Structures are given as C-alpha cells and as structure tokens.
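Overview (structure and organization)
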Amino acid sequence: MNDSRIKNMDEFASVSGISRPTLSKYFNDADSVRKSTRERIEIALERYDYRPNFYAMNQNRRLTKNVGIVIPYMADPFFAEIARNIENHVIEAGYRPIVLGSHGDPEQEIENLNNLRLIKPAGVLLGPLGRVSDADRIAEFCEEVPTVLFDANIDSVGEAFIGSDNDQSIGLIVDYLCRTGQPPAFFEMRLPTNPNALKRRAAYIKAMNRLGHEPTLLQAEGDGWDFEEIGFREGSRVITERTLPTDTILCSNDRLAIGLLSAAYQLGLRVGLGPNCALRVAGHDDHPFSRYTCPTLTTVSQDYTSIASKSAETLFSLIDSEQQETPRVETLFDGKLVMRGSA
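Predicted, not measured: the structure shown is a model, and the values here were computed from it. (Residues numbered from 1 in each chain as written. Predicted model: local features only at pLDDT ≥ 70, side-chain atom pairs only at ≥ 80, totals over all residues. Heavy atoms only, no water.)

A separate point is the packing of aromatic side chains. We describe a pair of aromatic rings using the distance from one ring centre to the other and the angle between the two ring planes. According to the stated counting rule, one finds seven aromatic pairs in the structure shown. Centroid distance F78 to F79: 5.1 Å. Interplanar angle 75°. Geometry classified as edge-to-face. Taken as a pair, F78 and F79 share a single burial class, namely buried. Members of the aromatic cluster, joined through ring pairs, are Y73, F78, F79, W225, F227 and Y304. Its end group placed over the ring of Y95, K65 keeps NZ or CZ at 4.2 Å from the ring centre. (Phe/Tyr/Trp six-rings, centres within 6.5 Å; stacked < 30°, edge-to-face > 60°. Buried < 20%, exposed > 50% of the residue type's maximum accessible area, 1.4 Å probe, protein only. Lys NZ or Arg CZ within 6 Å of the ring centre and 35° of its normal.)

Put into structure tokens, the structure is as follows:
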C-alpha cells in the first residue's frame, strides 16, 4: 500500500493512469465500465488507499438536490436575513434548501452537520459559531462534503470563506466618529459570543492608534445571545458609574447598541447629534431593527446581498466541478456607513 494519501480524484487519476472521465463513470455506476477497467480501478483503490468522498462520488452527491444552510442563531434577525438571501439563491439554482440553527451551542452545530450527513447533501453553506466551534470536527465534515463558510471564518476549514472586511468597516465608522466629535470608546462583551467580535475589537484598536487616539474598551459581563439585555444592563452600569472618558460609544454590534440606547433613555440621557444631546451611540451590522430605534441607529451595513450571492455561487461552482478549490478562497466585502440620528 502506498503511504502517500491521495486527496482527490484528479490525483488518483494521475497515479493510477486511469482517465478522470472513466473514474467518474465508474463511481457513478461500477457496472458501466468494462470488467478489465473495473478490476484496474479496484486494484488501484486498494494500492493507494484512496477513499472517494462526496466530491468524487456522484452517486453520493447526486442522490439528492439538498443544500444545507447552517446559521449560528435562528432567532437573530441578522442571521435570519442572510439565511433568507442564501435560501433564495439555492432555490433559484434548482436545489432544495434545508435551514438549520445551531442555537449558539457548539454541540448543536455538530449535530446539525451530522444530520446533514445522513441526507447526503450536494453541499453545505455554513455560518459557524466561530470562537466556540469544534474546528476539528467541522474540518472533518468539510473533507467529506463541499462546504463554504460565511460570516465567520475558521482558518483552513472548508473550501472557501465569504464575509465582511471588519478592518475596513470598523475603520470606516471610527474615522467618521472621530471626524464629527469625540473619539469613541468601544462597548463589547468581555467574552464575546458574536463570532466576529474579536476581529472588531482588534480593528477598533488599530483604527484608534492610526488616528493617534487612545483606545478605550468598555467590557460587558455576560454570555449567550441575549445581546440587548446585556447591552441594557451593562450600559446602565457604565452610564451610572459616570466614568465614561468620552461622550461617544461605538458598540461591537447593533444589538448591544439597541440595549445601550434603552439604558440611556431610562437614565434620562438624550442620545444624538443635537446641542442638548449627552451621548452619541453607533453600532455595526445594520441590523434590521436599527432603522426603527429611537433615535435611529448610526451603524455600518454588511453587504448581505453580495455575501449571500457569492457564498451560493461559490458552492455551486464547487458542486459542478466535482473537485476541491486549491488554494482555499477567501472573499471579503466592504461595509457601508449608514448615518442616522444616534451619532
């Protein structure tokens, strides 16, 4: 047995001397090739310890037209919106979308992938939990099933990652806030659940240093996905302590900002741009509710449409090509400043 592991059908074709079309024909239906050819293939399979996966075996991949869509938290309107966009692309391409939520639980995330394994999907679009994900088990799944990650990246896992450029988007809103008033403090969860939060923290510090300002982190206690409650409770605390070094607060995400806006209102602080306003508040994501807060929330919009379409197109390309992308592709989209009444 050859010690070198064959990674895909192209490599197997090269070392076995059997053409790629003939191998595809064999893996679709072993009886469709001549007996002598079938015997050569089976000898080569044993010699090179090659085990075709969902990419290589059309009979596994094409038994269904199912495409899995896994998101971190079904009740979050942000993820629901991006899943809706992706789902539409999947339907338009003639596939059947199966949308699953991980409920913020890494074990449920793996359970979702295991359940998808059972139905032999054509491919999977995965929005992972990120920091708390079981990266090794996800990587194992991605070796079997064509998988594109979106929103949150796990290094070297899946065939591609599609998401937002947090450096660009956070830098954009920090520039705006510094240009129009006092430099912002950064309001975040100390141990963040949001998969992009740590990247946004680093991007805030980088942007503040670039502009010659001292970064200030306001770190909220709490975990889970009840961001509005955490924003309200911890926002009330930092306002009541009266130790804010600035009248401008940039929140790691819009849901924290929504809670902070409510806390400011309860404590009698007026938020906004007018001369009688005591506080400016901004967020990130352009959450569907951010345009209806009081005041309406200044934020950075993620390009839902482009992330959804690029994720789907990349997966369909993988499915059609029947081979893995090399090297792994990463695509980041810029955010857009959305100026509203809060800052």
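With that settled, consider empty space enclosed by the protein. Evaluation of the coordinates by the stated rule reveals three cavities of 30 Å³ or more. By volume, the largest cavity amounts to about 100 Å³. Along the walls of the largest cavity sit 15 residues, with D76, F78, F79, N194 and D285 positioned nearest its centre. When contributions to the lining of the largest cavity are tallied by element, the ones reaching two or more residues are α5 (77–92) and α11 (254–266). Per-class residue counts for the lining of the largest cavity are four nonpolar, five polar and six charged. (1 Å grid on protein atoms, 1.4 Å probe; cavity = no way out; pocket = protein on both sides within 12 Å on 5 of 7 lines; lining within 4 Å. Points joined across faces, edges and corners; volume = space filled by probe spheres on them. Helix = DSSP H or I, 4+ residues; strand = E, 2+ residues; numbered from the N terminus. Nonpolar A, V, L, I, M, F, W, Y, C, P; charged D, E, K, R; others polar.)

As a further point, take the side chain of R200. On the secondary structure map, R200 appears in helix α9 (residues 197–210). For R200, a relative accessible area of 1% puts it in the buried group. A polar side-chain atom of R200 sits 3.4 Å from a polar atom in the side chain of H284. (Polar contact = N/O pair within 3.5 Å; in protein donor to acceptor, adjacent residues only side chain to side chain.)

A water-sized probe, rolled over the atoms, reveals where empty space remains. By volume, the second largest pocket amounts to about 200 Å³. I239, T240, R242, T243, L244, L267, L269, A278 and L279 are the residues that line the second largest pocket. A per-class count over the lining of the second largest pocket returns six nonpolar, two polar and one charged.

Moving on, we get to the sheet that holds strand β6 (residues 185–189). Overall, parallel pairing links the four strands, which are arranged β7-β6-β8-β9 in an open sheet. Each edge of the open sheet carries a strand with a single partner, namely β7 (217–220) and β9 (280–282). In this sheet, neighbouring strand axes are inclined to one another by 25° on average, regardless of whether the strands run parallel or antiparallel. Alignment of β6 against strand β8 (residues 248–251), held across three bridges, turns out to be parallel. Among the inter-strand pairings, F187 is bridged to a residue of β8, identified as C251. Each of β6, β7 and β8 touches α9; the most contacted strand, β6, lies at about 165° to it. (Pairing = 2+ DSSP bridges. Axes fitted to C-alpha atoms, helices over the stretch in contact; angles between N-to-C directions. Contact = heavy atoms within 4.5 Å.)

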